[in-house]
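Given next are the chains, with one letter for each unit.
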Amino acid sequence: MRIALMIVLVIASIVLIASILLQSGKSAGLSGAIGGGAEQLFGKKKSQGYEALLGKVSIGAAIAFIVCSLALCAME
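Note that the coordinates shown come from a computational prediction; the quantities given were computed from them, not determined experimentally.

Student: How would you sum up the overall build of the chain? Please name residues and give values.
Tutor: Each helix and strand counted, the chain has four helices and zero strands in total. Starting at the N terminus and ending at the C terminus, the chain contains elements arranged as α-α-α-α. Residues classed as buried in the chain amount to 14% of the 76 residues present. If you take every contact in the chain between residues at least 6 apart in sequence, the share linking residues at least 24 apart comes to 100%.

Student: Would you mind going over the environment of Ile14 in detail, with residue names and values included?
Tutor: Tracing the backbone shows Ile14 in helix H1 (residues 2-22). In sequence terms Ile14 and Ala61 are 47 residues apart; their C-alpha atoms lie 8.8 Å from each other.

Student: Go over the side chain of Ser19, please, and point to the residues and values.
Tutor: For Ser19, the position within the fold is in helix H1. Residue class for Ser19 comes out buried when judged on its relative accessible area of 3%. In this structure the side chain of Ser19 is engaged in a polar contact, spanning 3.1 Å, whose partner is the backbone oxygen of Leu16. Filtering out sequence-adjacent residues up to four positions away, Ser19 remains in contact with Leu54, Val57 and Ser58.

Reading guide: rules and limits
Residues numbered from 1 in each chain as written. Predicted model: local features only at pLDDT ≥ 70, side-chain atom pairs only at ≥ 80, totals over all residues. Heavy atoms only, no water. Helix = DSSP H or I, 4+ residues; strand = E, 2+ residues; numbered from the N terminus. Buried < 20%, exposed > 50% of the residue type's maximum accessible area, 1.4 Å probe, protein only. Contact = heavy atoms within 4.5 Å. Polar contact = N/O pair within 3.5 Å; in protein donor to acceptor, adjacent residues only side chain to side chain.

Rendered as structure tokens:
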């Protein structure tokens, strides 16, 4: 059981790191200021699809990471 939890913990941490690195920041700097006008003009379809999926994956991986960490600590 302990080995299975360690494997899940490693997978959850890799998914968490990857999903956070793939997300764009709230303020994208100068390029965000220039592209922000076009985003308002053409709508925010990106935030409903790809960004929302990455947010849900990040939340799921974070929950799995915390649960596995607590379970491993409880086993000791």
